[in-house]
Amino acid sequence: MAAGLVLAGVVALSACTGPTSTQNTPTGDSGGGPAGTANIYLYQEPAGMFGPLAPASGPDSQVSSLIFQGLLQADPDFNLQPILAESYEVSEDAKTFTFKLRPDLKWSDGEPLTSADVLFTYNLLANPKVGSAAAGNLAAVEGAKDVADGKADEVSGFTAPDDNTFVITATEPNFGLLALIGQFHVMPKHILGDIPVDQVYDNEFFKKPTVGSGPFMFDEYKTSQHVHVVANPHANPAPKLKDVYLKPMTSDVATAQLGNGGIDVATVSPLDLETLSDFDNVEVQEKLGAGFVRLAVNQDKKEFSDKRVRQAFLYAVNRQQLVDQVLNGKGEVQNSDFYQPRAPEGLNDYAYDPEKAKQLLSEAGWDASREVTISWVAGQRDRDASATVVQSQLAEVGVKVKLQQVQASEIAELYSKRTYDMVLYGGGNYATDPWNVNAITSCDTHYPKGANINFFCNAELDELMKKANASTDEAERTQLYADAAKISNEEADLFWLYSPYGNWAVNKRLQGFKAPGSQEVPFWDAANWSIAS
């Protein structure tokens, strides 16, 4: 892959009880400032930790994408685009990544945003004393190990030669590093720079991030009601909307509010598409997401460490039936950690086979008296229904299952304590670059170092992933990732369910909205959202 220079387009990112859409009459001032209010559905209650430090949380990430920006961002077609960066260049050996920032960037308080802020952010994310969930993803950067070992305070592979230039140097060729770490939201050094690193994570700023670089500024978060953001006067490009309310609610309530004007944008259950066809004020955008819905199986527990048990779970559940009935056909069965349309042929499809499941459980010595708990954040019809189906069908092969609804704010604690059995969740972006899969599979990215929350480890898979990521030959990379997908498939490292289509219902009065894929994905180009006259 040759070095490349990519020039930036004019792009901004986006991210609720507020006014309804019927109250959104555009009323700009004489200067043509932002006008109108958008009401956006959040599929879960945010955990209330906005920014790049906390473990991945879809609703928090969506809110953050309105307030903060990264050097890059994946667009709705899963291609990386410059955001704070004006351009970026990758060296021929794929070890050096040079970003040129857009000129005259400012924080929402008017202070300049420079490469010093980027340098500060990336050093913060790499420092294990901070407790950042992203630290494992930065381990491939030159000097990151010295910081992790306490031998240095800053990562030598992060440099800022001038106010508009930021450089990342990897220890070895690493094509996927760009997609993996180039999208972190940049934090304001002038606000957080004087806080001791071991106190940053719990700082009040991440609950009320009043200074950002996105098209909107944080105003307030009222639990179970809304997150309110208002136009950032220093954003470039300037937002067209005056403000946005992001409202957590169940999907059925969101569907009803699409009809009465209470919500402008919502992802909806495929089962509600027929209802939406009766709403003259709504159009639907459909797109296969870059992630998938799965159950993390806690392999830190001995009973789940045998791959035959994990394989049995897959055989026990009729996942095609989930797609056909729960998703109304709007999805694809997932059989590895890799982006489904690019997965290699020949993977075991784990077609529904209860007898095979029973056989594998018997061979593994499964204790039929043991009760397994599935935890999940309720409120989305497909996941709620999937949890019930999984419970029922596992019971049919001799696995007792207890369902446990939890709050989004409780999820990180479940991972930290490593006491959970299975957690049903979704999301991820495995389409931008296959290397992103490494974050959920690598032996080096066990939570809290990274996003491997099921504590899976396979040295052969790690080696294949690293070899693929270091290759300069695209054909070789493709084959190596195909081989890695086959190991993931055989190991059943996750209890895959399906990759859903994102069905985004949009009120026709809201112009400029582009469906970003599945419901967990950060919003795209919110600066250009507007309310039609």
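Residues numbered from 1 in each chain as written. Predicted model: local features only at pLDDT ≥ 70, side-chain atom pairs only at ≥ 80, totals over all residues. Heavy atoms only, no water.

Comments concerning the environment of Thr267
Filter applied, for reference: Helical segments are the DSSP runs of H or I of at least four residues, strand segments are the runs of E of at least two, and each set is numbered from the N terminus. The classification of residues rests on relative accessible area computed with a 1.4 Å probe and restricted to protein chains. Under 20% of the type maximum is buried, over 50% is exposed, and intermediate values are partly exposed. Only heavy atoms matter for contacts: two residues are in contact if any of them lie within 4.5 Å across the pair.
Mapped onto the elements, Thr267 comes out in strand β13 (residues 265-267). Classification of Thr267 as buried rests on a relative accessible area of 7%. Remark: the alpha-carbon pair of Thr267 and Asp384, spanning 117 residues in sequence, is separated by 15 Å. With residues up to four places along the chain from it excluded, the contact list for Thr267 reads Tyr41, Asn503, Trp504 and Gln519.

Quick look at the pairing of strand β17 (residues 371-376)
Using the following cut-off: Two strands qualify as a pair provided that DSSP identifies no fewer than 2 bridges between them.
Counting buried residues in β17 gives five out of six residues, a clear majority hidden from the surface. By the bridge criterion, six bridges tie β17 to strand β18 (residues 400-405) in an arrangement that is parallel. The residue bridging Trp376 from the neighbouring strand is Gln405, located in β18.

Description of the pattern of salt bridges
The following threshold applies: Salt-bridge detection follows one rule: a side-chain nitrogen of Lys or Arg within 4 Å of a carboxyl oxygen of Asp or Glu.
Under the counting rule described, the total for this entry stands at 18 salt bridges. The salt bridge involving Glu303 is made with Arg370; its shortest N-O contact spans 2.5 Å. Remark: Arg370 occurs in the loop between α11 (354-363) and β17 and Glu303 occurs in the loop between β15 (293-297) and α9 (307-316); sequence separation between them is 67 residues. Owing to a relative accessible area of 18%, Arg370 belongs among the buried residues under this scheme. One salt bridge in this structure joins Arg370 and Asp421, with 3.0 Å as the shortest N-O distance. With Arg370 in the loop between α11 and β17 and Asp421 in the loop between α13 (408-417) and β19 (422-425), the pair connects residues that are 51 residues apart, well separated along the chain. Taken as a pair, Arg370 and Asp421 share a single burial class, namely buried. Salt bridges here are not isolated pairs; linked through shared partners, they connect Lys301, Glu303, Arg370 and Asp421.

Re the packing of helix α15 (residues 459-470) against helix α16 (residues 474-491)
This is how the line gets drawn: Only the stretch in contact is used when a helix axis is fitted, and all axes are lines through C-alpha atoms; the angle between N-to-C directions ranges over 0 to 180 degrees. Throughout this description, any angle smaller than 35 degrees is read as roughly parallel, any larger than 145 degrees as roughly antiparallel, any in the 65 to 115 degree range as roughly perpendicular, and the remainder as oblique. Should the near helix be turned anticlockwise from the far one by less than a right angle, the crossing is left-handed, and should it be turned clockwise, the crossing is right-handed. In this classification, the charged set is Asp, Glu, Lys and Arg, the nonpolar set is Ala, Val, Leu, Ile, Met, Phe, Trp, Tyr, Cys and Pro, and all remaining amino acids, among them Gly, are polar.
Between α15 and α16, the shortest axis-to-axis distance is 8 Å and the interhelical angle comes to 160°. Comparing the axis directions of α15 and α16 gives the class roughly antiparallel. The handedness of the crossing between α15 and α16 is left-handed. Contacts between α15 and α16 involve Glu460, Leu461, Leu464, Met465, Lys467, Ala468 and Asn469 on the former and, on the latter, Glu476, Arg477, Leu480, Tyr481, Asp483, Ala484 and Ile487. Classifying every residue of the contact of α15 with α16 gives eight nonpolar, one polar and five charged.

Observations concerning the state of the cysteines
The cut-off we apply is this: A pair of sulfur atoms, both from cysteines and within 2.5 Å, is called a disulfide here.
Tallied over the full model, the rule gives one disulfide. Here Cys443 is linked by a disulfide to Cys457, with a sulfur-sulfur distance of 1.9 Å. Where Cys443 bonds to Cys457 through sulfur, the torsion about that S-S bond is close to 95°, and the disulfide is right-handed. One end of the pair, Cys443, is in the loop between α14 (438-441) and α15; the other, Cys457, is in the loop between α14 and α15, and 14 residues separate them in sequence. Accessibility expressed as a relative area gives 23% for Cys443, which makes it partly exposed.

A short note on the packing of aromatic side chains
To keep it simple, the criterion reads: Two rings from Phe, Tyr or Trp (for Trp, the six-membered ring) form a pair when their centres sit within 6.5 Å of each other. Planes less than 30 degrees apart are called stacked, planes more than 60 degrees apart edge-to-face, and all others tilted. Note on criteria: charge over ring means Lys NZ or Arg CZ within 6 Å of the ring centre, with the direction from the centre no more than 35 degrees off the ring normal.
The full count for this structure, using the stated rule, is 25 aromatic pairs. Judged by centre distance (6.2 Å) and plane angle (70°), the rings of Phe50 and Tyr221 are edge-to-face. Linking Phe50 in the loop between β3 (37-42) and α1 (58-67) with Tyr221 in strand β10 (residues 216-222), this pair joins segments that are 171 residues apart in sequence. Given the relative accessible area of 1%, Phe50 is considered buried. For Tyr221, a relative accessible area of 21% gives the class partly exposed. Centre to centre, the rings of Phe78 and Tyr339 are 5.9 Å apart; their planes meet at 70°, and the pair counts as edge-to-face. One end of the pair, Phe78, is in the loop between β4 (72-74) and β5 (80-82); the other, Tyr339, is in the loop between β16 (331-333) and α11, with 261 residues separating them in the sequence. Judged on exposure class, the residue Phe78 and its partner Tyr339 are both buried. Sitting over the face of the ring of Phe292, Arg294 holds its NZ or CZ atom 3.9 Å from the ring centroid.

Looking at the confidence of the model for the protein chain
As a reminder, the rule being used: In predicted models, pLDDT denotes the confidence assigned by the predictor to each residue on a 0 to 100 scale.
In this model, the protein chain carries an average pLDDT of 90, and 94% of its residues clear a pLDDT of 70 or more. Contacts of residues 1-30 to residues separated by more than four positions or lying in other chains number 109 contacts, the stretch itself having pLDDT below 50.

Topic: α15
Keep this limit in mind: To estimate how far a helix should extend, the number of its residues minus one is multiplied by 1.5 Å. As used here, the arc belongs to the directions running from the helix axis to the C-beta atoms. Within 3.5 Å is the distance limit for a polar contact, defined as a pair of N or O atoms, with the added protein rule that one can donate a hydrogen and the other accept it, and that residues adjacent in sequence qualify only through two side-chain atoms.
End to end, α15 covers 17 Å across 12 residues, agreeing with the expected 16 Å (1.5 Å per residue, within 8%). For α15, the set of buried residues is Leu461, Asp462, Leu464, Met465, Ala468 and Asn469. Down the axis of α15, the smallest arc covering the buried residues is 165°, so these residues share one side. Relative to its buried face, α15 has exposed residues pointing more than 90 degrees away, namely Ala459, Glu460 and Glu463. Taken together, the buried residues of α15 touch α4 (177-181), α14 and α16. The residue sitting at the N-terminus of α15 and contributing the capping side-chain oxygen is Asn458; that oxygen lies 3.1 Å from the backbone nitrogen of Glu460.

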